[in-house]
Amino acid sequence: MPVEPQRTPSRIARSHGGAYVHLPFCPYVCPYCDFAKWPLRRSSATRYLEALHAEIASAPAFEARTLFFGGGTPNTYDAATLAELVRALAARFSPDGFAETTVEMNPDPELCTPATFAAYRAAGIDRVSFGVQSFVESELATLGRRHAPGDVGRAFAIARDAGIDNLSLDLIFGIPGQTVESWDASLAAALALEPAHVSTYGLTIEDGTPFAEWFARTPGAFATNDLEAELYAHGIDTLVRAGFEHYEISNFARPGRRCAHNANYWANGEYVGLGVGAASYLAGVRSTHVRELDAYVDAALAGGPIPGESERLEGAARLGEAAMLGLRTAEGVDIAAFAERYGVDFHDFYRPVLTEMRAMGTIDATSSHVRLTRRGRFVANDVCGAFVGFAG
Amino acid sequence: MDRKLAVAHGPSGTVRTATNIRNFCIIAHIDHGKTTLSDRLLEFTRTVAQRQLGEQMLDAMDLERERGITIKMHPVTLEYPAHDGKLYELNFIDTPGHVDFSSEVTRSLAACEGALLVIDAAQGIEAQTLANYHLALDQNLTIIPVINKIDLPAADPERVKKQIEELLIIEASDAILCSAKEGIGIEEILEAIVARIPPPRGQDAFVRGLVFDAQFDPYRGVVSYVRVTDGTLRAGTRFMSMNQKKVYEATEVGVFKPDMRKTQALDVGNVGYVIANIKSLGDIDVGDTLTEASNPAPEPLAGYKPIVPMVYCGLYPNEGVEVSELRDALEKLALNDSALHYEPESSIALGFGFRCGFLGLLHMEIVQERLERNYNLDLIATSPSVVFRVTMTDGTIENIDNPAKLPARDRIALMEEPFVKATVITPPEYVGAIMELTQNRRGTLANMEYVADGRVILTYEMPLIEVIIDYFDQLKSRTKGYASLDYEVIGYREGDLVKLEILLHGDPVDALSSIVAREKAANRGRGLVEKLKELIPRQMFDVPIQAAIGGKVVARETVSAMRKNVLAKCYGGDISRKRKLLEKQKAGKERMKRVGTVDLPQEAFMAVLRLDEN
């Protein structure tokens, strides 16, 4: 008897899957950052590249629609190197070519030449996300960023000249010394460049960073919770007024310009992560590569499994994670899709949480969707935490 | 006359003197060196080898060591060959070193004929030196003053001698100079014990033994510590506890050398133990008198007083702890702590828990810490209270140990609260600060005495509730640690008292209510509301906090809603990390107690102890 192929969740996800490649080197290290990153050393960078190619060659069979180079500062590698990586990754994960290929870039003029973008374009890189953080010089200095505010416009211009117009930029709010006025100036400067996409991130003080030490010594130097809220609100209002969709807690896009790669994360889709510290979600297992450079490189070059952590979530924990991700998006949790994928009625399962959250005005629930209200977005940790911690 | 030996109506019998026995204890203010001196006496008489002593110290409970207090060690018999060529049996009975346990000190003293009063050569006489001295005098004990720590650079034995003459009315020439640390004066002390403390004397016609302590042993039941005052208490005989009137068979008697060693009998003057298949500490009262069931003594020994808890608080399981776990732990603790009282109560805010009674604040803290550490329980303790005595309009009297249970105002005819006599000894420069603090605590100065060497003794009468709410810490901080405090309860006095309620979101939280003097209520309400605002973390909504007296709001603050709490970043798809951060945050919330819709940290329930209202 012919068996009809089952539409398994992993099959659905696979068709939208992503590939993430971590390029951990930076020309300099910023004091607030706690991503896996190292100051550039030519010999390490070369060996790392070899390791990455080795990992690509032995990676599990997987179909990816999007590719994302994150860091670190990916453009510390030259364009030819990235182009070579794109080729190898496409051969492995997307024989027909990726639908979206993003590179995170530092807008420093030395790292953003016309030749760089031309080579990117030729390699199929069609989206750039600039780590701008602020257009105010003193704030850039506070953050330890070495590019000048004017560098960003220049980088945008030459990227467009090279034919790459899907341009995004990251801004940070809550920088010590930042005011609503200075934040407004950064937002205005960003909008003047007409980006396709903007991400606004509240400054997070991460353990073990120089900023954490600074905060421990002088907490008063940092934005209060109230100021942060004001800045976040001002960012939302300004960007939405300028025609951007606030499609995820920290992300804004012009219509049709959402980041497909990141959208896959929030849809709880599958992805393969390559490189030191990279995270994957394959066949229901979340795994993270070791964050030590040598440990990663040695393992990858030896062709063996990359050490790291992994977990397979079951039951309520799995549902909670899906809820946490879905709630971050403007559409929220799609009730029908949730029921089909997890076999659970969202309204039934989370009834007590939903009742409490609705009473507090943080959740807007209809029969088809459950999403955060504007207020809910401001306290998303509390709201999502209630779902994550709910055992049924 | 030694009243322990008074036999007013007894049958005629011979009086026996145990000439080779001396029973003594050591009394001292905290940190004056009682423990070190005890160790030296054990070492000098080779009762315990030095190495063993170290181990014994290590066995002591962590909590007591951390707090620098020894609550008590079990009695021990020292064998001492004195200079007169005879071998003496010196029974050393330890006393707890804190004001909370003064009732236990009294019982230990009652088992002795003499006491070493240890005084720090640098600190001089402190409040508990005086208090313990008076307790020993009440028991007609021979007192041997010992000036300890004479090796310290700041030691001033001459000054201390002056204090002794002036305050204690003892010949200073009787004082022995000693450094327990350096081993100076130890032999002299042992000789003085033999020479100055009278030997025990007792009747032959009947048996009496004072139960001065009891411990629970999971394998053998209750082990009673007994000082035999009359006759001979033999293993295998049936005896009766004279207060509870219960009859037991003494399955084993013995002495402490220093471990429990079985003997045939305990004779007049002996200090030892009795095991008698007693299952619970509740079945034998410390302070009770044991006598032979077949030939009971005409009357019990004097001095029996039931233990009355002075300080009460509610103990409730925090989220994730079952009330049955707390009950089991309290049961186990109470097996060895007859002063710990507990009974079930329920609170609207906190659910089911226990109202627990303690000897004092230190006792309360020790019990709480034991429950949390030894039994790994996450608890919520409510603010300490005392027992208020309420006369109702219909004439009945109710004892209120929980402010939430105070009857409505219109049903109350009269309210009374326990008062103490508080003795503070201080250098004169702090007198002003102490007066200000104590007057603020409704204390009235009863006496002030300047002592020769520039110390001042202040005697106050004040409500007990004012002492237990942070008075000691305040006293220490205002006097740079120089003042010392002792207090004893002197009875109930009428007070103009009101119930101060705390409301969250407009709803009274019973576990946060307190009974306070009307004159202080509004201030206290403001202080509490402000402190709660500090302690309650911002929530997803505004939390109005109000203080009210008799339904009238006297103070209000608002914990404004948390305005922003967002994990901004995607961490390159590291969803696990994001989820774990949320779980961690959620776990932090779960350690708080949810009252209505508000998450309260444990400290909120003890906010009153953290006010700086002075």
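Since this is a predicted model, take the numbers as computed values, not measurements. (Residues numbered from 1 in each chain as written. Chains lettered and ligands numbered in written order. Predicted model: local features only at pLDDT ≥ 70, side-chain atom pairs only at ≥ 80, totals over all residues. Heavy atoms only, no water.)

**Student:** Talk me through the overall build of chain B; I want residue IDs and the actual numbers.
**Tutor:** Of the regular secondary structure elements, chain B holds 14 helices and 35 strands. Overall size of chain B, expressed as C-alpha extent along the three principal axes, is 85 × 70 × 55 Å. Burial statistics for chain B: of 614 residues in total, 55% are counted as buried. In chain B, once contacts between residues fewer than 6 apart in sequence are set aside, the share between residues at least 24 apart is 71%. By element, 49% of the accessible surface of chain B is carried by carbon and sulfur atoms, the whole surface being about 25,600 Å². If the 73 positive side-chain charges of chain B are averaged to one point and the 88 negative ones to another, these points end up 5 Å apart. (Helix = DSSP H or I, 4+ residues; strand = E, 2+ residues; numbered from the N terminus. Buried < 20%, exposed > 50% of the residue type's maximum accessible area, 1.4 Å probe, protein only. Contact = heavy atoms within 4.5 Å. Areas by Shrake-Rupley, 256 points an atom, 1.4 Å probe, with all protein chains shown as cover. Lys, Arg positive; Asp, Glu negative; His and termini not counted. Charge placed at Lys NZ, Arg CZ, Asp CG, Glu CD.)

**Student:** Lay out the environment of Ile469 of chain B with the relevant residues and their values.
**Tutor:** Residues and elements named next belong to chain B. The residue Ile469 is located in the loop between α11 (464-468) and α12 (471-478) in this model. For the pair formed by Ile469 and Val386, sequence separation is 83 residues and the distance between their alpha carbons is 10 Å. Residues within four places of Ile469 in sequence aside, it is in contact with Pro384, Arg441, Val608 and Leu609.

**Student:** With reference to specific residues and values, describe unusual backbone geometry.
**Tutor:** Here the residue pair Gly71 of chain A and Gly72 of chain A is connected by a cis peptide bond, since its omega of 20° sits within 30 degrees of zero. Within the element layout of this structure, Gly72 of chain A appears in the loop between β4 (66-71) and α3 (79-93). For the bond running from Lys257 of chain B to Pro258 of chain B, omega is -15°, close enough to zero to count as cis. By the element assignment, Pro258 of chain B lies in the loop between β14 (252-256) and β15 (260-263). A positive phi angle, near 60°, is found at Asn140 of chain B, a position not held by glycine. If you trace the backbone, Asn140 of chain B turns up in the loop between α5 (127-138) and β6 (142-148). Given a relative accessible area of 42%, Asn140 of chain B falls into the partly exposed group.

**Student:** So what about helix α13 (residues 335-342) of chain A? Which residues, and what values?
**Tutor:** Residue and element names in this part refer to chain A. Where α13 is concerned, the buried positions are Ile335, Phe338 and Tyr342. Considered in projection along α13, the buried side chains sweep an arc of 60° and stay on one side of the axis. What points out from α13, more than 90 degrees from its buried face, is the exposed set Ala336 and Glu340. Buried residues in α13 make contact with α12 (315-327), β15 (333-334), α14 (346-349) and β17 (369-372). Sitting at the head of α13, Asp334 places a side-chain oxygen 3.1 Å from the backbone nitrogen of Ala336. Directly after α13, the chain includes Gly343, whose backbone phi takes a positive value near 70°. (Arc of directions from axis to C-beta. Polar contact = N/O pair within 3.5 Å; in protein donor to acceptor, adjacent residues only side chain to side chain.)

**Student:** Describe helix α14 (residues 575-590) of chain B, naming the residues involved and giving the relevant values.
**Tutor:** With 16 residues, α14 of chain B should reach 22 Å at 1.5 Å per residue; the first-to-last C-alpha distance of 22 Å fits that figure. Among all positions in α14 of chain B, only Ile575, Ser576, Arg577, Lys578, Arg579 and Leu582 of chain B are buried. Among the structural elements, α10 (260-266), β11 (271-274), β13 (285-289), β14 (308-312), α12 and α17 (380-388) of chain A are those in contact with the buried residues of α14 of chain B. (Expected span 1.5 Å × (residues − 1).)

**Student:** Outline the pattern of salt bridges, supporting the account with residue identities and numerical values.
**Tutor:** Using the criterion set out here, one finds 42 salt bridges over all chains in the structure. Across the pair Arg47 of chain A and Asp298 of chain A runs a salt bridge, and its minimum N-O distance is 3.0 Å. On the criterion of sequence distance, the pair formed by Arg47 of chain A in helix α2 (residues 42-57) and Asp298 of chain A in helix α11 (residues 293-301) is long-range, its members being 251 residues apart. One salt bridge connects Glu356 of chain A with Arg594 of chain B, and the closest N-O pair in it is separated by 2.8 Å. One end of the pair, Glu356 of chain A, is in helix α15 (residues 351-359); the other, Arg594 of chain B, is in strand β34 (residues 593-595), on a second chain. The structure contains a network of salt bridges with shared partners spanning Arg286, Glu311 and Glu321 of chain A together with Arg579 and Glu583 of chain B. (Salt bridge = Lys/Arg side-chain N within 4 Å of Asp/Glu carboxyl O.)

**Student:** Describe in detail the side chain of Glu321 of chain A, supporting the description with residues and values.
**Tutor:** Here Glu321 of chain A is to be found in helix α12. Leave out the neighbours within four places in its chain, and Glu321 of chain A touches Asn268, Arg286 and Leu313 of chain A together with Ile575 and Arg579 of chain B.

**Student:** An account of the domain arrangement of chain A is needed here, citing residue identities and associated values.
**Tutor:** Residues and elements named next belong to chain A. Looking at chain A, the domain boundaries give domain 1 (9-266) and domain 2 (315-388). Between domain 1 and domain 2, the C-alpha centre-to-centre distance is 28 Å. Contacts between the two partners involve 14 residues from domain 1 and, on the opposite side, 12 residues from domain 2. Between domain 1 and domain 2 lies a buried interface of about 1,200 Å² when both sides are counted; carbon and sulfur atoms form 55% of it. For the pair domain 1 and domain 2, the interface holds three salt bridges. (Domains from an automatic or database assignment. Buried area = accessible area lost by both parts, 1.4 Å probe.)

**Student:** Go over the sheet that holds β17 of chain A, please, and point to the residues and values.
**Tutor:** Residues and elements named next belong to chain A. Strand order in the open sheet made by the three strands is β15-β17-β16, with antiparallel pairing throughout. Each edge of the open sheet is held by one strand with a lone partner, namely β15 and β16 (363-365). In terms of strand pairing, β15 meets β17 through two bridges, oriented antiparallel. When the sheet's bridge partners are listed, Val333 is paired in β17 with Val370. (Pairing = 2+ DSSP bridges.)

**Student:** Kindly report on the sheet that holds strand β3 (residues 76-81) of chain B, identifying the contributing residues and their values.
**Tutor:** Residues and elements named next belong to chain B. Read across the sheet, six strands follow the order β3-β4-β2-β5-β6-β7 without closing on themselves; strand pairing throughout is mixed. Strands with a single pairing partner mark the edges of an open sheet, and in this sheet they are β3 and β7 (176-177). Alignment of strand β2 (residues 21-28) against strand β5 (residues 114-120), held across five bridges, turns out to be parallel. Of the residues in β5, the one forming a bridge with Cys25 is Ala115. The strands touched by helix α7 (residues 186-196) within the sheet are β2, β3, β4 (87-93), β5, β6 and β7, with β6 carrying the most contacts at an inclination of about 170°. (Axes fitted to C-alpha atoms, helices over the stretch in contact; angles between N-to-C directions.)

**Student:** Got a sec to walk through the confidence of the model for chain B? Specific residues and values, please.
**Tutor:** Regions with low pLDDT should not have their predicted coordinates read in detail. Residue and element names in this part refer to chain B. Residues of chain B with pLDDT of at least 70 account for 92%, and the chain-wide mean is 88. Between residues 1-11, whose pLDDT stays under 50, and residues either more than four places distant or in other chains, the model counts 24 contacts. Segment residues 55-60: pLDDT under 50, and seven contacts once partners within four positions in sequence are set aside and those in other chains are kept. In the model output, the complex is listed with pTM 0.76 alongside ipTM 0.85. (pLDDT = per-residue confidence, 0-100.)

**Student:** Explain the interface of chain B and chain A residue by residue, including any values.
**Tutor:** Opposite the 30 residues of chain B that make contact, chain A presents 48 residues. Taking both sides of the interface into account, the surface hidden between chain B and chain A amounts to around 3,500 Å²; carbon and sulfur atoms contribute 52%. It is Met540, Arg563 and Lys564 of chain B in chain B that bury the most area against chain A; as a group they hold 22% of the surface buried on that side. Here chain B and chain A share seven salt bridges between them. Among the salt bridges present, the one from Arg538 of chain B reaches Asp226 of chain A, with a minimum N-O distance of 2.7 Å. Scanning the region where chain B abuts chain A turns up 19 residue pairs in polar contact (both at pLDDT 80 or more). Across the side of chain B that touches chain A, the residue classes break down as 11 nonpolar, six polar and 13 charged. (Nonpolar A, V, L, I, M, F, W, Y, C, P; charged D, E, K, R; others polar.)

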